[in-house]
2 protein chains.
Amino acid sequence: MLTEKISASVKERILLPELLDIVMSAEEAASMIKSGMTICTSGFGTGYPKAIPTALAESKHAKNLTLVNGAARGESHLGAMSHAGILKNFFGFLYNEGARNEVNAGSFEFSDLHLGQLISKIKNGVYGKVEYAIIECCKIKEDGSIVPTLSAGTAEAIAEVAEKILLEVNLSIPAEVEGFHDFGIDPFAIIKSPADRLGVPYIKVDTSKIAGIVITDIPDTDLFYPEIAPIYNQIAEQVVSLLDKEISEGRLPEQFTFQSGMGVVANCVMLGLMNKGYKGLKMYTEVLSDQALYAIKEGIISEATTTTLDITPLFFDDVFDNLEFYKKRLVLRPLNITNGATQIISNELVSMNTAWEVDIYGNVNSSHAMGTQMINGLGGSNDYSRNSKISIFTTPSTAKRGLISCIVPMVPHVDSTEHDVDVIATEWGYADLRGKSPKERAMTIIDNCAHPDYRAALHEYFDNAVSLCGPCQTPHDLSKALSWHQKFLETGSMKQD
Amino acid sequence: MLTEKISASVKERILLPELLDIVMSAEEAASMIKSGMTICTSGFGTGYPKAIPTALAESKHAKNLTLVNGAARGESHLGAMSHAGILKNFFGFLYNEGARNEVNAGSFEFSDLHLGQLISKIKNGVYGKVEYAIIECCKIKEDGSIVPTLSAGTAEAIAEVAEKILLEVNLSIPAEVEGFHDFGIDPFAIIKSPADRLGVPYIKVDTSKIAGIVITDIPDTDLFYPEIAPIYNQIAEQVVSLLDKEISEGRLPEQFTFQSGMGVVANCVMLGLMNKGYKGLKMYTEVLSDQALYAIKEGIISEATTTTLDITPLFFDDVFDNLEFYKKRLVLRPLNITNGATQIISNELVSMNTAWEVDIYGNVNSSHAMGTQMINGLGGSNDYSRNSKISIFTTPSTAKRGLISCIVPMVPHVDSTEHDVDVIATEWGYADLRGKSPKERAMTIIDNCAHPDYRAALHEYFDNAVSLCGPCQTPHDLSKALSWHQKFLETGSMKQD
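Thresholds, definitions, all that
- Residues numbered from 1 in each chain as written.
- Chains lettered and ligands numbered in written order.
- Predicted model: local features only at pLDDT ≥ 70, side-chain atom pairs only at ≥ 80, totals over all residues.
- Heavy atoms only, no water.
- Helix = DSSP H or I, 4+ residues; strand = E, 2+ residues; numbered from the N terminus.
- Rg over C-alpha atoms; globule rule 2.2 N^0.38 Å.
- Buried < 20%, exposed > 50% of the residue type's maximum accessible area, 1.4 Å probe, protein only.
- Contact = heavy atoms within 4.5 Å.
- Areas by Shrake-Rupley, 256 points an atom, 1.4 Å probe, with all protein chains shown as cover.
- Lys, Arg positive; Asp, Glu negative; His and termini not counted.
- Charge placed at Lys NZ, Arg CZ, Asp CG, Glu CD.
- Domains from an automatic or database assignment.
- Buried area = accessible area lost by both parts, 1.4 Å probe.
- Salt bridge = Lys/Arg side-chain N within 4 Å of Asp/Glu carboxyl O.
- Polar contact = N/O pair within 3.5 Å; in protein donor to acceptor, adjacent residues only side chain to side chain.
- Least-squares fit on C-alpha atoms with pLDDT ≥ 70 in both.
- Phe/Tyr/Trp six-rings, centres within 6.5 Å; stacked < 30°, edge-to-face > 60°.
- Lys NZ or Arg CZ within 6 Å of the ring centre and 35° of its normal.
- Disulfide = S-S within 2.5 Å.
- Pairing = 2+ DSSP bridges.

## Examining the overall build of chain A
- Each helix and strand in chain A was counted, giving 18 helices and 25 strands.
- By the compact-globule yardstick of 23 Å for 497 residues, chain A fits well, its C-alpha radius of gyration being 23 Å.
- Seen through its principal axes, chain A has C-alpha atoms that stretch 80 × 45 × 40 Å.
- The proportion of buried residues among the 497 residues of chain A is 66%.
- Counted over contacts in chain A with a minimum sequence separation of 6, partners at least 24 positions apart contribute 71%.
- Element-wise, carbon and sulfur atoms account for 50% of the exposed surface of chain A, whose accessible area totals about 16,200 Å².
- For chain A, the distance from the average site of its 42 positive side-chain charges to the average site of its 62 negative ones is 2 Å.

Structure, rendered in C-alpha cells:
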C-alpha cells in the first residue's frame, strides 16, 4: 500500500510518517512468518491481533509455530490457528473451546503455567528466540511508541524481546484510549493505590524492528456471560458473610483490596458487596469484567488495577463513552505487575478464585477434569492464592446435576496446594482453614461445604482412612482416594452406595 | 535471684541494669505460662530457647499449648514439649524425630506451611493472640535491644507481636556475635548483594514486655550430618553439569546466586562446585550448613544471606574463632526476608531442594511418606521453587534399597506443583522441564531420572493411560495412579511384575 492511498483516518492513528510506508495487507504481514517460528501476541482475552492470525490460519504456509499469549480466547486468533493445525506449542492461558479440544486430542502441546511468570519466562528464553511479536494497538505516536487496545498483558515485554514486530492498528478502538495503560514500571514497584500511575501510557519500541502494519476494524466480540443461576448468588452470599466477619473482627479494613477471578461467582460477589452497602473498595486483579465496571460506576469500587478489560461488546461502548471517567479510576498494567508477588503481598489482597474441585484437605484442582482433560489452565489463580492475605476458592458443591461432587477425597490434579488455600466456599457454607491441621480441615470442609448427599460418604472415607493408617498427619486410603473419579468415569456418577 | 548475686559475666551480657532484677530460674519463668496459651519461640534449627521449654516439659503445669517456631529440631525444645504431651498445636517446620512420631500418632495437631509466610501469619493473628515470645539471645544492650544467638528466624516479629517476652541469655554464645544480624528491614527491600546490610544488628523491644530472663549455657548440639553415600555425589554431579550448561549457553552468570536446602545433596553440590573451580558465587538461602561455611572460607561463596547457621558443634567453634571474617561475608536475616518472594525473584535464584518423590509430570511431594505420614514439612522449599529463576529438585531415583521408586506415576501429596518445578535430578541424569508439556515431561523424567529397574513400568503406565484417555493434556489411569504406593503398603515393594 502506498502512503498516498492511505486514508486520513489511518494517518490520524500512525503519527510517525515513515511507518506509513510499511502499511500492508494481513496476508503480506503473515507471509513473513515461517514454519517453526515462535510468535508472541498481544492481548489478554481482549486486545489480541485478529487479521494476521486469521491470514496465517488461512494460508497455512507456516507450520509448527510456537504461540505465546497471556490469555487466548479469540476465534480469529488461537481458535483459527489451532483449527488450522499450524501450531506446535501454545503457552499461556487457554480459553478457547476449539483449541482446548485440540489440546485434549493431542493436536499440539500445551504447557500450563502461572501467568505471573509468563513475562519472565519469555525474557529468560524458556520459549526460545522470539521471531515475531504481533501487537494490536489503537495508535502509534510521533516517536513510534505504541498505544495498545484494551489490555496490557505481555505487550510491552514481547515488543522488547522479539526480533521483529508486526502491528495491527484497530480502528474500532478509539485513539483516545491513550492514557489507560501504565508501562515502563519497575517489576518490584510497590503500588500503594491501584489507580496510581507510575510509568508512561505507551510502549516505547525500537521502530527499526517494526516490520509491517495492518489496518483493521474488527471488534472483540467473543465474550458473553452465561445467565446467573441462583446457586452462584448463594455462594457469593457465603463469601460476603466471611468478609463481613473479617471486618467486624478487625482482621480486614472496611475498604479492603481484592482480586476476583473471571466468571459468574466473581460477578455475584460484586453484586453481593453492592447490596450490602460496601463502598470505596479497591480492586487489584488480572481481569476486570462488566460487573466490575458497573461497580466502579456505582462507587463500590473506587479504583482498580487490571491487565485487561475482559468485557462484553455492550461494555466496550460504555468504556468509550466514559473514557475520562474510567481513566481516573482504572489502570491497565503489564501482567507481571498485576500478578506480581510483590504487589499482591504488599496490597494484602483478598483473593477470590474458582476451583474446579477441592479435596477434604484443602488442595485445589483448577485446571484438569478427572485429572486428565485440560479445561482452561490455572491462569493467575495461584499467583493470587499463593500471595494474598486471605485466599478464597469458590465452587458449587456439585456439578452435572449432582452426579459429580466438587468436594472429593483426593483431587487428581493440584494447582493450589493445601498451603495456599485459606477458605473454601460453596452454596452450603464456607470452611475457614487458617491455622487448622489437615484432619481439622477435613471436618470443616465436609460439614460446611460438601453437598449433604455426599457428606456421609466423605466422612466414611475419612474414618476408614484413619482406621487404616491411624490418626496420622493426612489420613488416606490410597486404594480408594481416586475411586470417586474412577466411578464417575465408569458409571457417569460419583454417587456412593 | 537478687541483682547482687549475679555474676560479673552475666552483667556483661545484660547492659540495662533494671533487667537484672528479673533474672530468674527457668522454673520461675515457665510458671508464667498457663494452659491454652500460644507461645512463639526463637530459633531456626539453632538458636531456640532450651531451659524454659525443658522446665515446661518437666512441670507439665501448662497444657494444650500452641507452639509456633520457624524450624524446630531441639530435644530440649520441641522434643521435650511434644514428649511431655503439653502441646495442642505446632506450627512451623518439624524436624525432631520424636515430635514427628507424636504428630503421626495424632498426639497433637500440626499445620504445615510455607515458612516464608510464617511471620505474616503470626502478625495476621492466624495462630491467635501470642501470650509469650521466648527468645534466646547472647546480649541485651543498654536500651534493652536484644542480640539473638545464631539464627534470626521469627525472633524480631515475635518480640513485636507477643504480649510478654521471656529471654534466655545463653553464655555459651559469645556476645561478640553482635553484628551478624540484620533486623528492621522493609519486607519488600531489594537486597542487591547478600552481604549488604540494610537494618540494625539487634532487635528493638518494648522493655516493659520483658517478663523474665533466664541465664543458660546450654550449647546447640543436636545436629549431625550422616555420612555421604556415593549416590549423593552422583546427583550433585548432574546438578553441576546442568549449571555448567546454563552458564555456557548464557542463561546464567558465572557468579550466580543460589539457594540450597538442607541435607547431603546440597552439601555435595557445594563440593562439586568447589571441585569444578567455581569462585565468587552468592548464596541467598534459608539455612546455611557446615559445608557452606567451608565454601565461604575457600572463596567459592563470596557472600551469603541466611536466616540461620544450621551447623554442627565443630563449626560453632569455627564461627566463634573467625567472627569478624564471617560477619563481613554472612548476614542473618528474618525469615520473611530470606524466604521473601520479592527477594528471591529479584535475585534470580537457582534453587536446589530435596524431593521426597516426584511424579512423571513433575509434581513434587516434599513432606508426606505414602501421602499420609508427615516427614518434616515442606519448609521453605516452595518459597524458593515458586519464585526462583531455575528451580531444581533432587532425589535419589530409589529408596529402601530399591524397593521404592522415587519417580512414580502420581504423587499422593503435592507440595510444589508441576508449575513450580524446572529441573529434576537423580543419580541417573536430569530432566529439564522448562517449556515442556506434561506428555513431553513424562518422557524426559522417565528416561533421564527414573531408575532403570522402573523405567519400563513407568512407560507402561504412561502408554496405558494414553490408550485409556487418549493423548490428552495429562494422561492418567486413575485406577492405577496410586497403585505403586498401595503395592508398597501391601507388599513392602513398588517393584512391578
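Picking up where we left off.
## Comments concerning the domain arrangement of chain A
Residue and element names in this part refer to chain A.
- When cut into domains, chain A gives domain 1 (3–216) and domain 2 (230–491).
- Taken residue by residue, the interface counts 51 residues in domain 1 and 47 residues in domain 2.
- Roughly 3,900 Å² of surface becomes buried between domain 1 and domain 2 when both sides are summed, with 60% attributable to carbon and sulfur atoms.
- If you sort the residues of domain 1 by the area they bury against domain 2, Leu150, Phe180 and Pro194 come out on top, with a joint share of 19%.
- On inspection of domain 1 and its partner domain 2, the count reaches 2 salt bridges.
- Two residues, Asp182 and Arg333, come together in a salt bridge whose shortest N-O distance is 2.4 Å.
- For the pair domain 1 and domain 2, the number of links is 32 residue pairs in polar contact (both at pLDDT 80 or more).
- Among the elements of the structure, β3 (87–94), α5 (97–104) and α6 (118–123) are those that each provide at least two residues to the side of domain 1 that touches domain 2.

## Considerations on the relation of the copies chain A and chain B
- Overlaying chain A with chain B gives an RMSD of 0.0 Å, the required rotation being 180 degrees about an axis along which the chain moves by 0.0 Å. Such a combination of turn and shift is consistent with a two-fold rotation axis. Judged by C-alpha distance, Thr342(A) is the residue of chain A that lies nearest the rotation axis, at 2.7 Å.
- Looking at the interface residues of chain A, 100% of them are also at the interface in chain B, so both copies use one shared face.

## Side note on the packing of aromatic side chains
Residue and element names in this part refer to chain A.
- With the rule as written, the count across this model stands at 16 aromatic pairs over all chains.
- Their ring planes at 65 degrees and their centres at 6.1 Å tell us that Phe256 and Phe258 sit as a pair that is edge-to-face. When sorted by exposure, Phe256 lands in the same class as Phe258, which is buried.
- Following the ring pairs from residue to residue traces out a cluster consisting of Phe256, Phe258 and Tyr278.
- Of note, Lys50 hangs over the ring of Tyr48, and the distance from its end group to the ring centre comes to 4.4 Å.

## Some words on helix α18 (residues 483–491) of chain B
All names here are of chain B.
- Looking at α18, one finds that the buried residues are Trp484, His485, Gln486 and Phe488.
- Those residues of α18 hidden inside the fold are in contact with β16 (357–359), β22 (404–405), β23 (407–408) and α17 (452–469).
- Note on α18: the residue one or two positions beyond its end, Gly492, has a positive phi of about 80 degrees.

## Some points on the state of the cysteines
- Applying the stated criterion across every chain, the model contains 0 disulfides over all chains.
- In this model Cys138(A) remains outside any disulfide bridge; the closest cysteine sulfur is found in Cys137(A), 6.8 Å from its own.
- Cys449(B) supplies the cysteine sulfur nearest to Cys406(B), a cysteine that is in no disulfide, at a spacing of 11 Å.
- Relative accessible area serves as the criterion here: at 4%, Cys406(B) is assigned to the buried category.

## Quick look at the side chain of Ser367(A)
All names here are of chain A.
- Among the structural elements, Ser367 can be located in the loop between β17 (364–365) and β18 (368–369).
- Given a relative accessible area of 0%, Ser367 falls into the buried group.
- Of note is the side chain of Ser367, whose polar atom sits 2.7 Å from the side chain of Asp415.
- Residues within four places of Ser367 in sequence aside, it is in contact with Asp112, Gln373, Met374, Ile375, Asn376, Gly377, Leu378, His413 and Asp415.

## Focus on the sheet that holds β17(A)
Residue and element names in this part refer to chain A.
- Reading across the sheet, the 3 strands line up as β17-β16-β23 and stay open at both edges, with mixed pairing between neighbours. Unpaired on one side and paired on the other, β17 and β23 (407–408) mark the two borders of the sheet.
- Two elements, strand β16 (residues 357–359) and β17, share 2 bridges in a ladder whose sense is antiparallel. Within the sheet, the bridge partner assigned to Glu357 lies in β17 and is Asn365.

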